[in-house]
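# Fold and contact review
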Amino acid sequence: MKRIEQTAGNITVGITGASGAVYARELIRWLADNGYHVDAIASETGKRVFEYETGIPLKSSSLTSKPHLLTLHDNDNLFSPLSSGSRRQGSVSRVVIVPCSMGTLGRIASASGSKLIERVADVALKERRRLVIVPRETPFNTLHLNNMLELSRAGAVILPAMPGFYQKPKTLGDIVSFMVSKILDALDIPNDLYERWSGKKA
Ligand SMILES: Cc1cc2nc3c(=O)[nH]c(=O)nc-3n(C[C@H](O)[C@H](O)[C@H](O)COP(=O)(O)O)c2cc1C
């Protein structure tokens with residue numbers, strides 16, 4: 001009988017060719033460190049931008065000290081178990097696309113994707129499962145904004161890579177932690193990555 005490893009849960013992380021690869025790197029590190037199994041899928045440009053911006057190769061051993069908790073998937077493999085809505089409830093993933101390019105965002109919004117990242121997002125929407133999209137572009141054109149509105153109406157959480165500064169970040173790491181914490185919150189994953197606002201006096 002196949003042994004099913006107990007983890008804190010399954011999270012699928014899609015990485016596309018928008019700027020902000022560091023968010024994906026730190027999210028994957030945090031999830032694996034905290035016992036979650038991560039299914040990561042990178043688009044072709046996502047992989048290139050990730051390696052360019054972070055300076056590390058997109059492979060399990062560089063991303064986590066627990067590589068057994070990270071599975072990297074081929075974005076061209078539509079035969080992946082991730083691409084079906086018929087997965088058993090216990091093995092179902094929450095999905096986050098971080099960073100999300102305007103290209104991937106548009107293809108998901110029009111349900112016209114042909115890659116695994118887009119299929120996984122489409123499945124999450126049709127099965128009414130959690131889908132968190134972290135778009136990164138500035139400024140947005142009207143098409144970008146319309147696509148985000150469509151996705152929000154379809155049930156996705158639109159969580160732009162838009163860090164706050166009220167927590168008085170001292171390092172780039174503090175800013176990244178803020179965004180990773182927001183993503184974890186949207187995935188309903190308890191975390192304490194930054195000091196939350198508690199109504200301090202101005
Ligand atoms: C260094 C670099 C940074 C980029 N940053 C962004 C970005 O922040 N947002 C965006 O929508 N596209 C950005 N792009 C363009 C996307 O990579 C491009 O549209 C690509 O086709 C997206 O493909 P994908 O959605 O399959 O990953 C960037 C490209 C490069 C090379």
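Please refer to the structure higher up on the page.
Everything numeric in this text was worked out from a predicted model, so none of it was measured.

The next thing to look at is the environment of S60. Tracing the sequence through the fold places S60 in helix 3 (residues 60–63). The buried category is assigned to S60, whose relative accessible area is 17%. Sequence separation between S60 and I28 is 32 residues, and the spatial gap between their C-alpha atoms is 9.8 Å. Apart from the residues within four sequence positions on either side, S60 is in contact with P67, L70 and L72.

So, on to helix 7 (residues 172–186). Under the 1.5 Å per step criterion, the end-to-end length of helix 7 is 22 Å for 15 residues, consistent within 8% with the ideal 21 Å. By the burial criterion, the buried members of helix 7 are I175, V176, F178, M179, V180, S181, I183, L184 and A186. Turning to helix 7, the residues buried within the fold contact helix 1 (21–33), strand 4 (94–100), strand 5 (131–135) and strand 6 (157–158). Two residues or fewer past helix 7, D188 is found with a positive phi of approximately 60 degrees.

Moving on, we come to the pairing of strand 4. With 6 of 7 residues buried, strand 4 is to be regarded as a mostly interior element. Looking at chain direction, strand 1 (residues 10–15) and strand 4 are connected through 4 bridges and run parallel. Residue G14 lies in a different strand from strand 4, and its bridge partner there is I97. Sheet topology note: the strand 4/strand 5 ladder contains 4 bridges and is parallel. From the neighbouring strand, V95 faces strand 5, where its bridge partner is L131.

The next subject is the environment of G46. The residue G46 is located in helix 2 (residues 44–54) in this model. The sequence separation of G46 and G14 amounts to 32 residues, and the corresponding C-alpha distance is 8.8 Å. Residues in contact with G46, not counting those within four places in the same chain, are I15, T16 and G17.

What follows is about the nonpolar core. The biggest cluster of nonpolar side chains holds 34 residues, and the ones touching the most others in it are V13, L27, L31, V96 and V98. Secondary-structure elements contributing two or more residues to this core are strand 1, helix 1, strand 2 (37–42), strand 4, strand 5 and helix 7. Filtering out sequence-adjacent residues up to four positions away, V96 remains in contact with I11, T12, V13, G14, L27, V132, V134, I183 and L187. Among the nonpolar cores identified, the runner-up in size contains 18 residues, and I41, L82, I117 and V120 belong to it.

About the thresholds
- Residues numbered from 1 in each chain as written.
- Predicted model: local features only at pLDDT ≥ 70, side-chain atom pairs only at ≥ 80, totals over all residues.
- Heavy atoms only, no water.
- Helix = DSSP H or I, 4+ residues; strand = E, 2+ residues; numbered from the N terminus.
- Buried < 20%, exposed > 50% of the residue type's maximum accessible area, 1.4 Å probe, protein only.
- Contact = heavy atoms within 4.5 Å.
- Expected span 1.5 Å × (residues − 1).
- Pairing = 2+ DSSP bridges.
- Core = buried A, V, L, I, M, F, W, Y, C linked by side-chain atoms within 4.5 Å.

The quantities given are spatial measurements derived from coordinates; they are silent on function.
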